[in-house]
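Chain and residue survey
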Amino acid sequence: MSETKVKPEIDESWLKVLQDEFAAPYFLELKKFLLEEKKKYRIYPTGSRIFSAFNHTPFEKVKVVILGQDPYHGPGQAHGLCFSVNKGITKPPSLVNIFKELHDDLEVPVPPHGNLESWARQGVLLLNATLTVRARQPGSHQNKGWEQFTDAAIRVLSEKRSRLVFLLWGSYAQAKASMIDNGKHHILQAPHPSPFSAARGFFGCRHFSATNNLLKTRGEEAINWSLE
């Protein structure tokens, strides 16, 4: 990976609020780690898509935040948005369950693909805690610095924005609740949509309609959750 590949290809609005993170020692170490990883392994997503969540949803446009943990580690899956996969790629089980709940909640037709970019363009920040992974090795880039960076993004949203809707699915995402000012923001929690836990309360959580109702109460346009 060349030096240009690891420079922050990130929207200016985010660069402004996170500029101190890019200069921090932990982030410089993270860049070195990624350079070495790229020499030895295939890394997902590609370099230009690492910051896709930020580039599709500028800081001032964020209305909703969905938190994931790790990028998908299979070929062609990860493209920088949590739970989302490129068109033409089989929908992973958690995403299948998300679409099932969406259909049950709002009668949104189950889409033919799993690309969630249209949600991101409407203000849904689809943020993984870790932004890269080795091919076929889930969790391989955890605890290398990404979590510190994405935690900073959550904190700056909590501090500088107001009345955002945070969807925290599963214990890992729910652990981030302590970073969010619940006096300023709405926090909706449910079990993870994974097949191992979806039946314990993700199904029936009705977070999609609840999110739209919260947005409407503050005069914001609701999210069109349907995908073409």
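Being a predicted model, the structure only gives us computed values, none of them experimental.

By the element assignment, E21 lies in helix α2 (residues 12–23). Buried charged residue E21 carries no salt bridge. Nearest counter-charge: R155, at 7.5 Å. Setting aside residues up to four positions removed in sequence, E21 forms contacts with Y26, F27, Q148, F149 and A152.

With 68 residues, the main nonpolar core has W14, F51, F54, W119 and F149 as its most contacted residues. Ranked by the residues each element gives to this core, the list is headed by helix α7 (residues 146–160), at 7 residues. Each residue touching F54, except ones within four places of it in the same chain, is listed here: I10, D11, W14, L18, L125, L127, L131, F149 and A153.

Right, let's talk about the environment of V17 for a bit. Among the secondary structure elements, V17 is positioned in helix α2. The contact partners of V17, leaving out residues within four places of it in the chain, are F59, V156 and K160.

Before going further, it helps to spend a moment on unusual backbone geometry. A negative phi angle is the norm for most residues apart from glycine, just as the trans form is the norm for most peptide bonds. Note the cis peptide between Y44 and P45, where omega equals -10°. Secondary-structure assignment places P45 in the loop between β1 (43–44) and α4 (52–56). Residues other than glycine seldom take positive phi values, yet N143 does so here, at roughly 60°. Although it is not a glycine, R163 sits at a positive phi angle of roughly 55°. One can find R163 in the loop between α7 and β5 (165–169). For R163, a relative accessible area of 38% corresponds to the partly exposed category.

Below, the discussion takes up the state of the cysteines. Under the counting rule described, the total for this entry stands at 0 disulfides. Distance from the sulfur of C82, which forms no disulfide, to the nearest cysteine sulfur (C205) is 14 Å.

This paragraph deals with the sheet that holds strand β3 (residues 124–128). Overall, parallel pairing links the 4 strands, which are arranged β3-β2-β5-β6 in an open sheet. The open sheet has two edge strands with one neighbour each: β3 and β6 (186–190). Strand-to-strand, the axes of this sheet are offset by a mean angle of 20°, without reference to chain direction. Sheet contacts for α7: β2 (64–68), β3 and β5; angle to β3, the most-contacted strand, approximately 150°.

Within the structure shown, the criterion is met by 8 salt bridges. Two residues, E29 and K32, come together in a salt bridge whose shortest N-O distance is 3.5 Å. Taken together, the residues span about one helical turn, with E29 and K32 both in helix α3 (residues 25–40) at a distance of 3 residues. Since its relative accessible area comes to 47%, E29 is described here as partly exposed. Note that D104 is salt-bridged to K100, the shortest N-O span being 3.1 Å. Taken as a pair, D104 and K100 lie in helix α5 (residues 93–106) at a separation of 4 residues, close to a single helical turn.

Reading guide: rules and limits
- Residues numbered from 1 in each chain as written.
- Predicted model: local features only at pLDDT ≥ 70, side-chain atom pairs only at ≥ 80, totals over all residues.
- Heavy atoms only, no water.
- Helix = DSSP H or I, 4+ residues; strand = E, 2+ residues; numbered from the N terminus.
- Buried < 20%, exposed > 50% of the residue type's maximum accessible area, 1.4 Å probe, protein only.
- Lys, Arg positive; Asp, Glu negative; His and termini not counted.
- Salt bridge = Lys/Arg side-chain N within 4 Å of Asp/Glu carboxyl O.
- Contact = heavy atoms within 4.5 Å.
- Core = buried A, V, L, I, M, F, W, Y, C linked by side-chain atoms within 4.5 Å.
- Disulfide = S-S within 2.5 Å.
- Pairing = 2+ DSSP bridges.
- Axes fitted to C-alpha atoms, helices over the stretch in contact; angles between N-to-C directions.

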